[in-house]
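Each chain is listed here by its residues.
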Amino acid sequence: MARYQSIEIVPREIFVIDHEAAMVWTINGVTDEGPVSFDGVDVFQFDDAGLISSVRAFWERTSLHRRRIRRLPPHEGSG
């Protein structure tokens, strides 16, 4: 896995039923190879005190998207 210079986890949807929850998220990050983004789901289980007792994360590396930044050529002047 790539080393991240920065990373942000963006929760998109959260579903809660009894002692379980699922959170759909997107990770946006920057690696040495450029910006990346991918989606996943975390599934949480909570104990009777409401504390997290387990977490499972699901994502697929093939869903990793490298965002391409279009670079414009340098401005050559207007004269």
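Here, every reference points to the structure presented above.
Description of the structure in this document. (Residues numbered from 1 in each chain as written. Predicted model: local features only at pLDDT ≥ 70, side-chain atom pairs only at ≥ 80, totals over all residues. Heavy atoms only, no water.)

### A word on the overall build of the protein
Within the protein, the secondary structure is distributed over zero helices and five strands. Along the chain direction, N to C, the helices and strands of the protein fall in the order β-β-β-β-β. In the protein, which comprises 79 residues, the proportion classed as buried is 20%. Within the protein, contacts between residues at least 6 apart in sequence are counted, and of these 37% link residues at least 24 apart. When the accessible surface of the protein is split by element, carbon and sulfur atoms take 53% of a total near 6600 Å². (Helix = DSSP H or I, 4+ residues; strand = E, 2+ residues; numbered from the N terminus. Buried < 20%, exposed > 50% of the residue type's maximum accessible area, 1.4 Å probe, protein only. Contact = heavy atoms within 4.5 Å. Areas by Shrake-Rupley, 256 points an atom, 1.4 Å probe, with all protein chains shown as cover.)

### A look at the packing of aromatic side chains
Applying the stated rule across the entire model yields three aromatic pairs. Taking 6.5 Å as the distance between ring centres and 55° as the angle between the ring planes, the aromatic pair formed by Trp25 and Trp59 counts as tilted. Of this pair, Trp25 sits in strand β2 (residues 20–31) while Trp59 sits in strand β4 (residues 52–59), placing them 34 residues apart in sequence. For Trp25, a relative accessible area of 3% puts it in the buried group. Aromatic side chains Phe44 and Phe46 sit 6.3 Å apart centroid to centroid with 20° between the ring planes, which places their arrangement in the stacked category. Under the relative-accessibility criterion, Phe46 is labelled partly exposed at 26%. Three or more aromatic residues link up through ring pairs in this structure, and these residues are Trp25, Phe38 and Trp59. (Phe/Tyr/Trp six-rings, centres within 6.5 Å; stacked < 30°, edge-to-face > 60°.)

### Some words on the side chain of Thr26
Along the chain, Thr26 falls in strand β2. A relative accessible area of 11% places Thr26 in the buried class. Looking at Thr26, its side chain comes within polar contact range of the side chain of Arg12, at 2.7 Å. The residues touching Thr26, leaving out its near neighbours within four places in the chain, are Glu8, Ile9, Val10, Arg12, Ser37, Phe38 and Asp39. (Polar contact = N/O pair within 3.5 Å; in protein donor to acceptor, adjacent residues only side chain to side chain.)

### Topic: the pairing of strand β3 (residues 34–46)
As paired elements, β2 and β3 share twelve bridges and run antiparallel to each other. Pairing of Ala22 across the sheet is with Val43, part of β3. A loop of two residues connects β2 with β3, the two strands running antiparallel in sequence. The hairpin turn running from β3 into β4, its antiparallel successor, is five residues long, and Gly50 in that turn takes a positive phi close to 85°. (Pairing = 2+ DSSP bridges.)

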